[in-house]
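# A structural walkthrough
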Amino acid sequence: MFENGSLISKLSPRSNQSPKGTSLCPTRTKALVIDILVNNASIPMQVDTGAAATIVSFRCYKAICADIPLQKLTVPMIAYDGQPISMRGICQVPVSHNGQKFLLSLCVSDHGSSLLGRDWLHAFGLLSATGELLKARLLSVTLDLTPSPSLNSTTAEALNTVLTHHSNVFRDELAYPIPMAVKDTVEQELRRLQAHGIISPVASSRWATSIMHVKKSDSSVKIAGCFNRTVNKAILSNAYPLPLFADITNKLSGGESYSILDMNSAYNQLELDEQSAELCTINTHIGLFRVNRLFYDISSTSAIFQKAMDQLTVPLQGTQSYIDDSCITRATNAIHLQKLV
């Protein structure tokens, strides 16, 4: 529920102090690099379970196996973002790992990092049939829900009851791994949001929601939270109604022409109070961020924003808003243009 600019949790109120043992502390995850012996030369290769093939740059190829001729690739190589990768070719190279010897295919690109893909990981026995990486854990985020020893028995029992009853909320919410192809782009967007005051970094939080990214037509990304797994289960939905089609056409009837205004980053125009900002904390690959503005994918977002827009546009003649879109009309074009200005 949203009242006076705040999201109201269905759970019992909590103190402003984070209780011991319930803070979510992200571990800054470094790239997992494995040294592989290729053609008797050791190469540090970054593990990438999202890459179907193992790949090195042409510069690396020239340094370690220039004596092995390249063959033409018969299939195009496509990056995660759908862009083609400029390739030099493919070759068969002798590989050693953990005392075992292999003859494996190595793709060579014009430039880039040395990536250890799924083909070699399978050959080394490091990847399960379901695609899970074995013998290594890429991400470690811990959530200790054990009551503090300093709590008395009554308080500890009450805390255990709350944790058990709301186990779907008090869960180990990991930051989703971000594909390397878009990691820089996602980080740039997070930094942009931070620079505009939409999010703020925090060391710990009693709430944390993973993020997802959506690629936009201009190759940038939109960041949203996976709030269906966390916050949406713990807040009361706002029941403010969206306007019906009949209401919209009735208010806009009689116009000679129409203009539609689409707000940029509309939801981010509304500021959250302190309690709601903590509820909407997001967990990213570069740390925790508290969300200071209304954010995408919170269940009440559309209703909250519609209510705010109605308060602005309902008194205006010939103007109707539907969430972040506003349609404007007047009886004549002259009046229409005058009102727009």
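Everything quoted here is computed from the prediction, not taken from an experiment. Along each chain, residues carry numbers from 1 onward, in the same order as the chain's sequence is written. Totals for whole chains, interfaces and linings use all residues, but because this is a predicted model, local features are given only for residues with pLDDT of at least 70 and pairs of side-chain atoms are given and counted only at 80 or more. Only heavy atoms go into the side-chain values, all of them from the structure, while hydrogens and water stay out.

### Description of the pairing of strand E17 (residues 319-322)
We count it as follows: Strand pairing is assigned whenever DSSP identifies at least 2 bridges connecting the two strands. Counting from the N terminus, the helices are the DSSP runs of H or I reaching at least four residues and the strands are the DSSP runs of E reaching at least two.
Here 4 bridges tie E17 to strand E18 (residues 325-330), and the two strands are oriented antiparallel to one another. Note on E18: the bridge partner recorded for threonine 319 is isoleucine 328. Where E17 folds back onto E18 in an antiparallel hairpin, the turn is made up of 2 residues, including isoleucine 323, whose phi is positive at roughly 55°.

### Things to note about helix H4 (residues 180-195)
Heads up, the rule is: Each helix should span, by expectation, one fewer than its residue count multiplied by 1.5 Å. To sort residues, take the accessible area from a 1.4 Å probe on protein chains only and compare it with the maximum for the residue type: under 20% means buried, over 50% means exposed, and anything in between is partly exposed. Here the arc refers to the directions that run from the helix axis out to each C-beta atom. The contact definition used throughout considers only heavy atoms, calling two residues in contact when any of these lie within 4.5 Å.
With 16 residues, H4 ought to run about 22 Å at 1.5 Å a step, and its terminal C-alpha atoms sit 23 Å apart, in line with that. Those residues of H4 lying buried are Val182, Val186, Glu189, Leu190 and Leu193. Buried residues of H4, viewed axially, fall in a sector of 100°; they line one side. The exposed set on the far side of H4, more than 90 degrees from its buried face, consists of Asp184, Gln188 and Ala195. Contacts from the buried residues of H4 go to strand E11 (199-202), strand E12 (209-215), strand E13 (221-225) and strand E15 (282-284).

### Looking at the environment of histidine 285
Structurally, histidine 285 can be placed in the loop between E15 and strand E16 (287-291). A sequence separation of 102 residues divides histidine 285 from lysine 183, and the C-alpha atoms of the two residues are 8.7 Å apart.

### Things to note about the sheet that holds E17
Sheets are built from strands that pair by backbone hydrogen bonding, the pairs being arranged parallel or antiparallel. Worth spelling out the cut-off: The convention used is that axes are lines fitted to C-alpha atoms, helices contributing only their stretch in contact, and that angles between N-to-C directions extend from 0 to 180 degrees.
Across the sheet, 3 strands lie side by side as E14-E18-E17; this open sheet has antiparallel pairing. Because the sheet does not close on itself, it has two edges, and the strands there are strand E14 (257-262) and E17. Strand-to-strand, the axes of this sheet are offset by a mean angle of 20°, without reference to chain direction. Against the sheet, helix H7 (residues 301-313) contacts E17 and E18, and its axis sits at roughly 175° relative to E17.

### Section: the sheet that holds E12
Across the sheet, which stays open at both edges, the 5 strands sit in the order E11-E16-E15-E12-E13 with mixed pairing between neighbours. Of all strands in the sheet, those with a lone pairing partner are E11 and E13, marking the two edges. Across the sheet, the axes of successive neighbouring strands diverge by a mean angle of 40°, strand direction being ignored. Lying on the sheet, H4 is in contact with E11, E12, E13, E15 and E16; it crosses E13 at an angle near 70°.

### Focus: the pattern of salt bridges
Note the threshold: Every case where a carboxyl oxygen of Asp or Glu lies within 4 Å of a side-chain nitrogen of Lys or Arg is listed as a salt bridge.
A complete count under the given rule lists 5 salt bridges for this structure. A salt bridge links aspartate 110 to arginine 88; the nearest nitrogen and oxygen atoms lie 2.5 Å apart. Taken as a pair, aspartate 110 in the loop between strand E8 (100-109) and strand E9 (115-116) and arginine 88 in strand E7 (residues 87-97) lie far apart in primary sequence, 22 residues in all. Between arginine 192 and glutamate 189 there is a salt bridge; the shortest N-O distance is 2.8 Å.

### Overview of the confidence of the model for the protein
Short version of the rule: pLDDT runs from 0 to 100 and stands for how confident the predictor is about each residue.
Looking at the protein as a whole, its pLDDT mean stands at 78, while 79% of the residues score no less than 70. The low-confidence segment residues 8-29, where pLDDT is below 50, has 60 contacts with residues more than four positions distant or belonging to other chains. When the criterion is pLDDT under 50, residues 135-145 qualifies, and its contacts beyond four places in sequence or with other chains add up to 32 contacts.

### Here we look at the environment of isoleucine 335
When you line up the elements, isoleucine 335 lands in helix H8 (residues 333-340). Taking C-alpha positions, isoleucine 335 is 10.0 Å from glutamate 256, a pair spaced 79 residues apart along the chain.

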